[in-house]
Amino acid sequence: MPGDNAKKALIDSLNGLLADFFTLYLKTKSFHWHVAGPNFRELHLLFDEHATELFTLTDIIAERVRKNGGNTLTSIASIAGKASIKDDDRTKIDAMEMVKSLRDDNAKLVKAIRAVKDAATAAGDNATEGLADDWTDQAEQRVWFLTQTIA
Ligand SMILES: [Fe+2]
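The model shown is predicted, which means the values in this text are computed figures rather than measured ones. (Residues numbered from 1 in each chain as written. Predicted model: local features only at pLDDT ≥ 70, side-chain atom pairs only at ≥ 80, totals over all residues.)

> Explain the overall build of the protein chain to me, please; I cannot follow it from the model alone.
When helices and strands are tallied, the protein chain shows 5 helices and 0 strands. Overall, the protein chain shows an N-to-C arrangement of helices and strands of α-α-α-α-α. Over its C-alpha atoms the protein chain spans a radius of gyration of 16 Å, differing by no more than 12% from the 15 Å that the globule rule assigns to 151 residues. For the protein chain, the C-alpha atoms occupy an extent of roughly 55 × 30 × 20 Å along the three principal directions. Across the 151 residues that make up the protein chain, the buried fraction comes to 32%. Sequence-distant contacts in the protein chain: of pairs separated by 6 or more residues, those separated by 24 or more amount to 77%. (Helix = DSSP H or I, 4+ residues; strand = E, 2+ residues; numbered from the N terminus. Rg over C-alpha atoms; globule rule 2.2 N^0.38 Å. Buried ≥ 20, exposed ≤ 12 C-beta atoms within 10 Å, placed from the backbone. Contact = placed C-beta atoms within 7 Å.)

In structure tokens form, the structure reads like this:
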């Protein structure tokens, strides 16, 4: 049987991932609101699609923590304390810089999801392990769309 340490590591890993999802959600939404330039409509809509995907998974990730017996994030401050993805409060950013920034953040998310999956394996949490594959596919799809937008 996996020990308490493996379970605790999984809970910490899931809460860190949740903080990153919330942070990237708000950053993507901010870029949706502030993007400007000749590709406005396309990027405005793409960023909104990505923000919706990110937000939808927050509930699922938080409830994986609860189903594992842990407490999850409670506030904006708790998100800020655990996120590894950086905020960007600028309102005037070149549109392609926005795309590159979100591409890099989503690539970072792929790595964080892989770490959660490894922690889930160690803790014997099959459900999180299975869900993580879907989270990875979604994140890789966002990386792909953002990358192709730059090319
Ligand atoms: Fe909107």
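> Would you mind showing me how to read helix α5 (residues 126-150) here?
Given 3.6 residues to a turn, an α-helix orients residues that are three or four positions apart in the same direction. With 25 residues, α5 should reach 36 Å at 1.5 Å per residue; the first-to-last C-alpha distance of 37 Å fits that figure. The complete set of buried residues in α5 reads T128, A132, W135, A139, R142 and L146. Buried residues in α5 make contact with α2 (40-67) and α4 (95-123). (Expected span 1.5 Å × (residues − 1).)

> Looking at this structure, how should I read the environment of T121?
Considering the arrangement of structural elements, one finds T121 in helix α4. With 111 residues separating them in the primary sequence, T121 and L10 have C-alpha atoms 9.0 Å apart.

> Help me out: how do you make sense of the environment of F55 in this one?
Position of F55 among the secondary structure elements: in helix α2. Residue classification places F55 among the partly exposed positions, given that 16 C-beta atoms sit within 10 Å. For the pair F55 and F145, spaced 90 residues apart in the sequence, the C-alpha separation amounts to 18 Å.

> Honestly, α4 in this entry has me stumped. Any pointers?
Counted at 1.5 Å a residue, the expected span for α4 with its 29 residues is 42 Å, and the 42 Å between its end C-alpha atoms agrees. Listed in full, the buried residues belonging to α4 are M98, V99, L102, D105, N106, L109, I113, V116, K117, A119, A120 and A123. On its buried face, α4 sits against α1 (4-34) and α5. Of the residues trailing α4, G124 is marked for its positive phi of about 70°.

> How should I be thinking about the packing of α2 against α5 in this particular structure?
When two helices pack together, their arrangement is given by the angle between their axes and by how far apart the axes lie. Remark: α2 packs on α5, axes separated minimally by 11 Å, with the N-to-C direction vectors making an angle of 165°. For the element pair α2 / α5, the angle class is roughly antiparallel. Read as a crossing pair, α2 and α5 show a hand that is left-handed. Here L46, H50, E53, L57, I60 and R64 of α2 come into contact with α5, specifically with T128, L131, W135, Q138, R142 and F145. Classifying every residue of the contact of α2 with α5 gives 6 nonpolar, 3 polar and 3 charged. (Axes fitted to C-alpha atoms, helices over the stretch in contact; angles between N-to-C directions. Parallel < 35°, antiparallel > 145°, perpendicular 65-115°, else oblique. Left-handed = near helix turned anticlockwise from the far one by under 90°. Nonpolar A, V, L, I, M, F, W, Y, C, P; charged D, E, K, R; others polar.)

> Explain the nonpolar core here, please?
What tends to happen in soluble globular proteins is that the nonpolar side chains get buried as a cluster. With 35 residues, the main nonpolar core has L14, L17, L18, F21, I113 and V116 as its most contacted residues. Secondary structure elements with two or more residues in this core: α1, α2, α4 and α5. Ranked by residues supplied to this core, first place goes to α1 with 11 residues. Those residues within four positions of L17 in sequence are excluded, and the remaining contacts are I61, A112, I113 and V116. (Core = buried A, V, L, I, M, F, W, Y, C linked by C-beta atoms within 7 Å.)

> Help me out: how do you make sense of the packing of α1 against α4 in this one?
The contact between α1 and α4 brings their axes to 9 Å, and the two run at 165°. On the basis of the axis angle, α1 is roughly antiparallel to α4. The handedness of the crossing between α1 and α4 is left-handed. Class assignment for the residues of the contact of α1 with α4 results in 18 nonpolar, 3 polar and 4 charged.

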